[in-house]
Amino acid sequence: MNIFLFVSLLFHLGKSDTRKDETTFHLPKFVAEKLQQIQQSDARIRGKKIACFIDFSQPSFEKRLYVIDLQKQVCLMNTWVAHGKGSGRNAMAEYFSNDSGSLCSSLGVFEPIGQFYGKHGLSIRLKGLDKGVNDNAVDRGIIVHAADYISEKNASLYKRQGNSFGCFAVMPTMIEPLVKLVNQPNAVIVAVK
């Protein structure tokens with residue numbers, strides 16, 4: 001086998017590993033491991049079909065939001081997501097809060113409680129399920145929404161995304177498919193650091 005053919009074969013094998021088909025994506029090993037730990041320790045997640053997993057240990061210029069089909073163990077969506085201004089104005093989320101006015105993101109498990117059209121367009125209301133960690137989400141107005149300050153350009157050129165007031169903000173082109181996947185009774189949103 002000539003070297004060109006061999007390298008070409010390796011390249012295509014690598015590509016097929018990162019993209020299973022047109023609607024599923026490769027789930028990084030460290031994300032799969034974190035999710036598995038959470039599923040084993042939290043009964044609220046074990047019974048769900050879809051998990052929107054947000055990994056705040058990654059910088060905002062990386063695609064750190066993963067929508068995972070828990071039954072098939074495949075990633076259905078992978079995109080950028082903002083953290084709150086109070087959590088840090090650079091690429092890393094450093095501080096988290098449940099307090100009104102903090103402008104921080106919150107960690108923990110959230111339940112989607114319905115879509116609506118507000119000042120950010122199509123959005124999802126969230127109910128925090130962890131007492132003292134995110135249970136003020138409804139009162140704080142923490143939602144999933146679209147924002148122009150999230151973009152591929154920001155990720156590649158500025159090495160950071162813009163900041164929300166504590167909400168999970170995504171690119172405008174991603175909000176509709178995200179809502180379709182996550183706004184259902186058998187879905188859960190999990191934010192970890």
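Model, not experiment: these values are computed from the prediction.

Draft legend 1. Fine view of the side chain of Asp42. Within the element layout of this structure, Asp42 appears in the loop between α2 (29-41) and α3 (43-46). You can call Asp42 buried: its relative accessible area is 14%. At 2.7 Å, the side chain of Asp42 forms a polar contact with the side chain of Arg44.

Draft legend 2. Quick peek at α2. Compared with an ideal rise of 1.5 Å per residue, which puts 13 residues at 18 Å, α2 spans 19 Å between its outermost C-alpha atoms and is within 8% of the ideal. Among all positions in α2, only Val31, Leu35, Ile38 and Gln39 are buried. Buried residues of α2, viewed axially, fall in a sector of 100°; they line one side. Away from its buried face, by an angle of more than 90 degrees, α2 presents the exposed residues Lys29, Gln37, Gln40 and Ser41.

Draft legend 3. Quick peek at the pattern of salt bridges. A complete count under the given rule lists six salt bridges for this structure. Notably, a salt bridge pairs Lys29 with Glu33, separated by 3.9 Å at the nearest N-O pair. Of this pair, Lys29 and Glu33 both sit in helix α2, four residues apart, which is roughly one turn of that helix. Assessed through its relative accessible area of 62%, Lys29 is described here as exposed. Accessibility expressed as a relative area gives 39% for Glu33, which makes it partly exposed.

What counts, and at which threshold
- Residues numbered from 1 in each chain as written.
- Predicted model: local features only at pLDDT ≥ 70, side-chain atom pairs only at ≥ 80, totals over all residues.
- Heavy atoms only, no water.
- Helix = DSSP H or I, 4+ residues; strand = E, 2+ residues; numbered from the N terminus.
- Buried < 20%, exposed > 50% of the residue type's maximum accessible area, 1.4 Å probe, protein only.
- Polar contact = N/O pair within 3.5 Å; in protein donor to acceptor, adjacent residues only side chain to side chain.
- Expected span 1.5 Å × (residues − 1).
- Arc of directions from axis to C-beta.
- Salt bridge = Lys/Arg side-chain N within 4 Å of Asp/Glu carboxyl O.

Don't take any of this as a statement about function, it's just geometry.
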